[in-house]
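Breakdown of the fold
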Amino acid sequence: MKKILIVEDQEEIRELIRVTLEFDDYEIEESPNGDEGLRKAGSFRPDLILLDVMMPGGLNGLQVCQRVKSDPGLKRTKVILLTARGQDSDRQAGLKAGADEYLIKPFSPLELMKVIGKVIR
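Residues numbered from 1 in each chain as written. Predicted model: local features only at pLDDT ≥ 70, side-chain atom pairs only at ≥ 80, totals over all residues. Heavy atoms only, no water.

1. Some points on the overall build of the protein
This is how the line gets drawn: Think of it this way: any DSSP run of H or I at least four residues long counts as a helix, any run of E at least two long counts as a strand, and we number them from the N terminus. For the radius of gyration, the atoms used are the C-alpha atoms, and the globule rule reads 2.2 Å times the number of residues raised to 0.38. Burial classes: relative accessible area under 20% of the type maximum marks a residue as buried, over 50% as exposed, and values in between as partly exposed (1.4 Å probe, protein chains only). Note on contacts: a residue pair is in contact if any heavy atoms of the two residues lie within 4.5 Å. Shrake-Rupley sampling with a 1.4 Å probe provides the accessible areas, and residues are treated as covered by the protein chains on show and by no other component. Here Asp and Glu are counted as negative and Lys and Arg as positive; His is not counted, and neither are the chain ends. In plain terms, the charge of a residue is placed at NZ if it is Lys, CZ if Arg, CG if Asp and CD if Glu.
Within the protein, the regular secondary structure consists of five helices and five strands. The globule rule puts the C-alpha radius of gyration for 121 residues at 14 Å, and the 13 Å found for the protein is close to it. Principal-axis analysis of the C-alpha atoms places the extent of the protein at approximately 30 × 30 × 25 Å. The buried share among the 121 residues of the protein stands at 43%. Within the protein, counting contacts between residues at least 6 apart in sequence, those at least 24 apart form 59% of the total. Accessible surface, the protein as shown: approximately 6,500 Å² in total, 48% of it carbon and sulfur. Side-chain charges in the protein split into 19 positive and 21 negative, and the spacing between the mean points of these groups amounts to 7 Å.

2. Some thoughts on the side chain of Arg-14
Take Arg-14: it is sitting in helix H1 (residues 11-21). Beyond its immediate stretch of four places on either side in the chain, Arg-14 contacts Ile-6, Glu-8, Asp-9, Glu-30, Ser-31 and Pro-32.

3. Some words on the packing of H1 against helix H5 (residues 109-120)
Our working definition: Fitted lines through C-alpha atoms serve as axes, helices being fitted only where they are in contact, and the angles separating the N-to-C directions of these axes extend from 0 to 180 degrees. Note on convention: near helix rotated counterclockwise from far helix by under a right angle means a left-handed crossing. Clockwise means right-handed. Classification convention: Asp, Glu, Lys, Arg as charged; Ala, Val, Leu, Ile, Met, Phe, Trp, Tyr, Cys, Pro as nonpolar; all other residues, Gly among them, as polar.
Taken N-terminus to C-terminus, the directions of H1 and H5 make an angle of 65°; their axes are 10 Å apart at the nearest point. Judged by the twist between their axes, the crossing of H1 over H5 is right-handed. Contacts from Leu-16, Ile-17, Thr-20 and Leu-21 in H1 reach Pro-109, Leu-112, Met-113 and Ile-116 in H5. The residue makeup of the contact of H1 with H5, split by class, is seven nonpolar, one polar and no charged.

4. Some details on the packing of aromatic side chains
How we decide: We call Phe, Tyr and Trp rings a pair once their centres come within 6.5 Å, taking the six-membered ring for Trp, and we label the pair stacked below 30 degrees between planes, edge-to-face above 60, and tilted otherwise. Here, a charge over a ring means that NZ of Lys or CZ of Arg falls within 6 Å of the ring centre while also lying within 35 degrees of the ring normal.
For the structure on display, the rule yields zero aromatic pairs. Here Lys-3 stacks its cationic end above the ring of Phe-44, 4.9 Å away from the centre of that ring.

Taken by themselves, the reported measurements are silent on function.
Take a look at the structure:
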């Protein structure tokens, strides 16, 4: 069973993603911010992190992505950045941080599942 960590500060979006993922066979953990998300990634060891870019407080999504990708214990973890920022420069910053994919909000559940399938299957 693949493990997915959802790191998203908006509870409604986390819930929508979780409900979408429950149609497949995934073990799911959630986190409302970057700092907690990074800690959970270290203990949960997800196959994939769905990571919001803009979050209040501590670490933002780009910083979490960089730290995940530089951690030898998490180097096989895939990261899909979720963001409302769709400029080419935003996408380039995400890819530079190590993201495997970049999904622009709002996205449909079908689009999310398609991108997840491409990244972890």
